[in-house]
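So the chains spell out like this:
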Amino acid sequence: MDTTKQFETRSERVVRSYSRSRRSGAPAWWLQRITGLALVILTVGHYILMHYNPVSGHDYGETASRLSSPWFKGIYLGFITIGMYHGLQGIWNIVRDYKMKPLVGMSIFGVILVAGIIFVAVGWNTILTFDPLKP
Amino acid sequence: MSYTPYREPFSAWNKLILAYRRHSGSWAYILHRLTGIGLVAYLFIHIWALSSLTHGRAAFAEEMKTFTTPPFKVGEWLLGALVMFHAFNGIRIAVVDLANGAKYHKKLLGAVWVTGVAVVVLMFFLIFSTDLFAK
């Protein structure tokens, strides 16, 4: 590398900044804010409806009647997906704060990715194959 | 004679903990991470547990019998504290990052605590309403 060179031209700087932005993490940063703000509404609503109401969240009949609405199904498919994305992106964010060998980092990333995909699939399966008439 | 550097006891842990300087914003940062990890762990259990919906009414009712016992209800209420802190502090993060919140982030943190505690206390009465006010 030429260490005597002190300055870079404008075009060199533009090229450098663009080639870096490809892996700058900025899209993930924005997605974390956007999904987070969506989840504030979804999660707090979910809590008031399901967990703090002593009856509605734990009753099969009420669950079945809610799941008969395609709107409810659609919102909950999205809720599971963006909730899982936001959570696992957060975990990966924490992991990345610690120094580790690339192979260890890639392995942790793989575990996070596979676990996320499996559990989103389990959640979607629950909603989409739910049969209210099953005894 | 060789020089032995002075090592503080538990220096690794000291480093890890002191890396998060002990100011209010840093406590919010630590708590945001810890509540985030807790919520992701809960999300996995939650998706797995609710997949019993596909096993029919009897299996679901049997499971809910366990989940409506007092220890689980207390756990559900405390889980709400994690959710409320993470949600309100998440709004604070968004305001600091995307608006001019850096100038009043301590006041925002105060608001996070006041609203969070108020909501969690209110939710105590909602979640235990059937136990507290039953005739």
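In the block above lies the structure referred to throughout.
Residues numbered from 1 in each chain as written. Chains lettered and ligands numbered in written order. Predicted model: local features only at pLDDT ≥ 70, side-chain atom pairs only at ≥ 80, totals over all residues. Heavy atoms only, no water.

Engineer: I'm lost on the overall build of chain A in this one. Help?
Structural biologist: In terms of helices and strands, chain A carries five helices and zero strands. Along the chain direction, N to C, the helices and strands of chain A fall in the order α-α-α-α-α. Counting across all 135 residues of chain A, residues that qualify as buried make up 34%. Pairs at least 24 residues apart make up 68% of the contacts formed inside chain A by residues separated by at least 6 positions. When the accessible surface of chain A is split by element, carbon and sulfur atoms take 69% of a total near 9000 Å². (Helix = DSSP H or I, 4+ residues; strand = E, 2+ residues; numbered from the N terminus. Buried < 20%, exposed > 50% of the residue type's maximum accessible area, 1.4 Å probe, protein only. Contact = heavy atoms within 4.5 Å. Areas by Shrake-Rupley, 256 points an atom, 1.4 Å probe, with all protein chains shown as cover.)

Engineer: Mind showing me how you'd approach the environment of Val112(B) here?
Structural biologist: Looking at the element boundaries, Val112(B) is found in helix α5 (residues 105–127). The residues touching Val112(B), leaving out its near neighbours within four places in the chain, are Phe85(B), Phe88(B), Asn89(B) and Arg92(B).

Engineer: Could you clarify how one ought to interpret the layout of surface pockets in this entry?
Structural biologist: Residues and elements named next belong to chain A. Empty space within the second largest pocket amounts to approximately 270 Å³. As for the second largest pocket, its lining consists of Thr-81, Met-84, Tyr-85, Leu-88, Gln-89, Trp-92, Phe-109, Ile-112, Leu-113, Gly-116, Ile-117 and Val-120. Broken down by secondary-structure element, the contributors of at least two residues to the lining of the second largest pocket are α4 (70–96) and α5 (102–128). Looking at side-chain class alone, the lining of the second largest pocket contains nine nonpolar, three polar and no charged residues. (1 Å grid on protein atoms, 1.4 Å probe; cavity = no way out; pocket = protein on both sides within 12 Å on 5 of 7 lines; lining within 4 Å. Points joined across faces, edges and corners; volume = space filled by probe spheres on them. Nonpolar A, V, L, I, M, F, W, Y, C, P; charged D, E, K, R; others polar.)

Engineer: Honestly, the packing of aromatic side chains in this entry has me stumped. Any pointers?
Structural biologist: Geometrically, a pair of aromatic rings is defined through the distance of the ring centres and the angle of the planes. One pass over the structure, following the stated rule, counts 13 aromatic pairs over all chains. A centroid spacing of 4.4 Å and a plane angle of 20° characterise the contact between Phe72(A) and Tyr76(A), whose relative ring orientation is stacked. In this pair, Phe72(A) and Tyr76(A) are both assigned in helix α4, four residues apart and thus about one turn of the helix distant. You can call Tyr76(A) buried: its relative accessible area is 14%. Between the aromatic rings of Phe124(B) and Phe128(B), the centroid separation amounts to 4.9 Å while the plane-to-plane angle is 50°, which identifies the pairing as tilted. Classification of Phe124(B) as partly exposed rests on a relative accessible area of 29%. Here the aromatic residues Trp77(B), Phe124(B), Phe125(B) and Phe128(B) are joined through ring pairs into a cluster of three or more. (Phe/Tyr/Trp six-rings, centres within 6.5 Å; stacked < 30°, edge-to-face > 60°.)

Engineer: Any chance you could explain the pattern of salt bridges here in plain terms?
Structural biologist: When their charged atoms lie close together, side chains carrying opposite charge are able to pair. Summed over all chains, the structure comprises three salt bridges over all chains. Here Arg33(A) ties to Asp97(B) by a salt bridge, and the two come within 2.6 Å at their closest N and O atoms. Of this pair, Arg33(A) sits in helix α2 (residues 26–51) while Asp97(B) sits in helix α4 (residues 70–98), placing the two residues on different chains. By relative accessible area, Asp97(B) is classed as partly exposed at 34%. (Salt bridge = Lys/Arg side-chain N within 4 Å of Asp/Glu carboxyl O.)

Engineer: Please clarify how the interface of chain A and chain B should be interpreted in this entry.
Structural biologist: You'll often see interface size given as the accessible area lost when the parts meet. Listed as interface residues are 40 residues of chain A and, on the opposing side, 42 residues of chain B. Summing the contributions of chain A and of chain B, the shared interface buries around 3500 Å²; its carbon and sulfur component is 74%. When residues of chain A are sorted by the area they lose upon contact with chain B, Tyr52(A), His58(A) and Tyr60(A) head the list and together hold 21% of the total. On the surface where chain A and chain B come into contact, there are two salt bridges. Summed over the shared surface of chain A and chain B, the number is four residue pairs in polar contact (both at pLDDT 80 or more). Secondary-structure elements contributing two or more residues to the side of chain A that touches chain B are α2, α3 (60–67), α4 and α5 of chain A. Among the elements that take part in the side of chain A that touches chain B, α2(A) stands out by supplying eleven residues, more than any other. (Buried area = accessible area lost by both parts, 1.4 Å probe. Polar contact = N/O pair within 3.5 Å; in protein donor to acceptor, adjacent residues only side chain to side chain.)

It is worth stressing that arrangement in space is one thing and function is another; only the former is reported here.
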